[in-house]
Amino acid sequence: MSAPMPDSRGRRGVESLEDAVRTRRLIVCVGSGGVGKTTTAAALGIRAALLGRRALVITIDPARRLANSLGLSELGNEEKEIPASKFHDAGVLARAPLRAMMLDTRKTFDELILRLAPDEAARRRILENRVYRQLADNLAASQEYMASEKLWDVYHSGAYDLIVLDTPPMKNALDFLEASGRLTRFLDDKIMKWFLSPYDEGRVFGKRIVLGTGSIVFRLLSSIFGREFLDELSEFFLAFKDLYRGFRDRSEGVARLLRDPATTRFVVVCSPEEASMDDAVFFTGQLRERGMPGGLFIVNQVGRYGEVEADSRGHVVDAAGRAEAVAVAEGDGASPAEAARFALDLERALADAAVRSRDDSRRIASLARAAGPRAAIQEVPRLPSEVFDFSGLLEIDRHLFPGLRS
Amino acid sequence: MLDTFEKRRLIFVTGKGGTGKSTFTSALGLALAGRGRSVLLAEVDSARPALESVFGRRPEFQPSPVAPGIEIANIDFLGALHAYLAEVVPVERVVQLILKNRIVQYFLQATPGARELVLLSRIHALVRGGRYDTLVVDLPASGHAYALFKTLESVRRLFQVGPLRKRGEEISETISDPHGTSLVLLTIPEEMSVNEVLETARHIGRLGFPPIEGILLNRDPGPRPSPRERRWLQAVRERGPRSARLALAADALGDLDAAAQRAEVARRRIEEETGRAPLSVPLLSGGEGLETARHLAGWLQGEGS
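Owing to the predicted nature of the structure, the values given are computational and were not obtained by experimental measurement.

A closer look at the sheet that holds strand β6 (residues 264–270) of chain A
Residue and element names in this part refer to chain A. Reading across from one edge, β3-β4-β2-β5-β1-β6-β7-β8 is the order of the eight strands in this open sheet, with mixed pairing throughout. Where the open sheet ends on each side, the last strands, each with one partner, are β3 (80–81) and β8 (376–381). When β6 meets strand β7 (residues 296–302), the two strands line up parallel, connected through four bridges. Residue pairing for β7: Val 269 is matched across the bridge by Ile 298. Helix α14 (residues 274–290) rests against β1 (26–30), β6 and β7 of the sheet, and its axis sits at about 160 degrees to β6. Along the sheet, helix α17 (residues 390–400) makes contact with β7 and β8, crossing β8 at roughly 140 degrees.

See the structure below:
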């Protein structure tokens, strides 16, 4: 299972996207915003289902875009099965069920507490704590913690052969990768002890002031947050005390999962725009640094007019073609001037598109150099219309896996 | 539009990733500076500051000049924390001590919301500091931008008293001021991007701040080809032209028409849902980075007069 198969082009030792979808258990899609990351994640999930692997697509993007493209009216914290009719109507056969979900931070957090809390009293104490309620629900960073929680859950549920995880745009994806480690460090016993010992001993947190080494830190923290909040927070930590081990085990588990090359592949999704390409290169470095298995790239929205060059007189459409366009227009009532204008508009559209397409090729070539010889880059052409339905996803699938039939 | 922006002291720009936020932010800065305003363009805790690719200089925490009347900065968390502590703790040596303290670091990193509040504090301080006429903030993609503002509401509920409560209120006041502060929502003519911008507008509306100046439809390719041209295009495609190049050109013009049609739909949807038409920003050709930003600034100056 861990030995990569030759990819569709037959390059040995290079894992292709197809290998990853066939053999891995977790695919994490990362990349900058607006490059079709969510759509790509959905397309990978569809491919897995077509190949007979039970797949789940998880999006943690706050913009909730996945449901639209999968034809579900909405996605929530529950895994929802894509109706078999979707596949059937599109003329393809899902050999295994495909499910999708959108991470709901608050619900995931609550479920976690329900599972980890030792008894009803502990559970209530946490769920009713003001700090908890705010943290679980409103604040941005909780989302990343909860993403790894959910990931751990569904991974161990045994219900899926492959999980495809969509991530927030680049900068937040980094947060996501860090989140489990950050939480683990935070739950470091010594740190927790520092926060909790006054309560354990039945004292108020404020007494820290007279308690030696901790006192300066306490004063400083209260200068930032105010003492009232520190007291609230200590109470929150205390309520959480029995859950730490479970929390820590899970976040360490997720950190291991993300680094296990036998299980996981990161797919960097980008568009040929310069900023997105820069991000892709940057992210490749970040993955390497963190020891996370990468090497797979999907470049969306690639122009397909790159081979068009102007002739010596500056024309991108030959004389016969221009005459044909003029004839068509004049045959439909155009004046000679209007027909000439039409031919000109056609040429201008193609010339502009060709310039942009060549820029795309140039940037993809430099991405390939930066990614190294063991990388597999799959291009998806810019599609004439935006993808937000199932047949659009299947079209992407055809470009992602040119060697496979639906 | 520029006339309105000229009156603001704080302008936030957000939208789905890839909608051209940084280019627009830079263009707005260039246009305002062109009118003699002193402008600071800032990103918020960006691991990969996009302003660097526009101005060829990496924005640091401390603002640095990049063009006449324009400085850029990246308000990173540690820098903002340092500045925040320096306000409450007068002795630099003590500030250093706090910043280096392991417990404090873990505490701040793992306490969700602490980060957002410290960052907003810095934005607030820059506005209040009065060194710049206008601060334009290039925010992260809309979901996280919304979370940043929502932090203020959480702070209000979480802290009944204390320094954070007070700070939160001061920031809220600045950010809610309809005369001083604007939020610009940027979208491109694609359905998902429009969905996101409308959702953000609803969320921000419910939150009550910051005041939404408007939705900008960026990279609007303009009107579709005339109905007659479209009919001819259709005819060319249907007959399957003998010239392969003509067939390609027909595809390219078809793409252009499809893009223009998407823009039409986007304009209509935004107007229906918000009651206001978006302001269209044209699709400008030519390069990336500063060149495009200058084009766009020129357009803003022309459009506003």
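That shown, we press on.
Comments concerning the side chain of A:Gln378
Here A:Gln378 is to be found in strand β8. According to the relative accessible area criterion, A:Gln378 is buried, its value standing at 15%.

Some thoughts on the nonpolar core
Counting residues in hydrophobic clusters, the biggest one holds 54 residues, and the most contacted among them are B:Phe12, B:Ile123, B:Leu135, B:Phe149 and B:Ile175. Discounting residues that sit within four places of it in the chain, B:Phe149 has contacts with B:Phe12, B:Leu139, B:Ile175, B:Leu183, B:Ile204, B:Leu207, B:Phe209 and B:Pro210. A:Leu17, A:Ile82, A:Met102 and A:Val164 belong to the second largest nonpolar core, which has 43 residues in total.

Structural notes on the packing of helix α15 (residues 319–330) of chain A against helix α11 (residues 227–239) of chain B
Where α15(A) contacts α11(B), the axes come no closer than 9 Å and their chain directions differ by 120 degrees. One element, α15(A), and the other, α11(B), form an angle in the oblique class. By crossing handedness, the relation of α15(A) to α11(B) is classed as right-handed. Across from A:Glu324, A:Val328 and A:Ala329 in α15(A), the residues of α11(B) making contact are B:Trp232, B:Ala235, B:Val236 and B:Arg239. Of the residues contributing to the contact of α15(A) with α11(B), the split by class is five nonpolar, no polar and two charged.

Re the pattern of salt bridges
Under the criterion given, the structure shown has 32 salt bridges over all chains. Across the salt bridge formed by A:Asp332 and B:Arg231, the nearest N and O atoms sit 2.7 Å from each other. Taken together, the positions of A:Asp332 in the loop between α15 and α16 (336–371) and B:Arg231 in helix α11 put the pair across two chains. With a closest N to O distance of 3.0 Å, B:Arg165 and B:Glu169 form a salt bridge. Taken as a pair, B:Arg165 and B:Glu169 lie in helix α9 (residues 163–176) at a separation of four residues, close to a single helical turn. Judged by relative accessible area, B:Arg165 falls into the partly exposed class, the value being 21%. For B:Glu169, a relative accessible area of 40% puts it in the partly exposed group. Ionic contacts of the salt-bridge type, sharing partners, join the residues B:Glu87, B:Lys166, B:Arg167 and B:Glu170 into one network.

Parameters at a glance
Residues numbered from 1 in each chain as written. Chains lettered and ligands numbered in written order. Predicted model: local features only at pLDDT ≥ 70, side-chain atom pairs only at ≥ 80, totals over all residues. Heavy atoms only, no water. Pairing = 2+ DSSP bridges. Helix = DSSP H or I, 4+ residues; strand = E, 2+ residues; numbered from the N terminus. Contact = heavy atoms within 4.5 Å. Axes fitted to C-alpha atoms, helices over the stretch in contact; angles between N-to-C directions. Buried < 20%, exposed > 50% of the residue type's maximum accessible area, 1.4 Å probe, protein only. Core = buried A, V, L, I, M, F, W, Y, C linked by side-chain atoms within 4.5 Å. Parallel < 35°, antiparallel > 145°, perpendicular 65-115°, else oblique. Left-handed = near helix turned anticlockwise from the far one by under 90°. Nonpolar A, V, L, I, M, F, W, Y, C, P; charged D, E, K, R; others polar. Salt bridge = Lys/Arg side-chain N within 4 Å of Asp/Glu carboxyl O.

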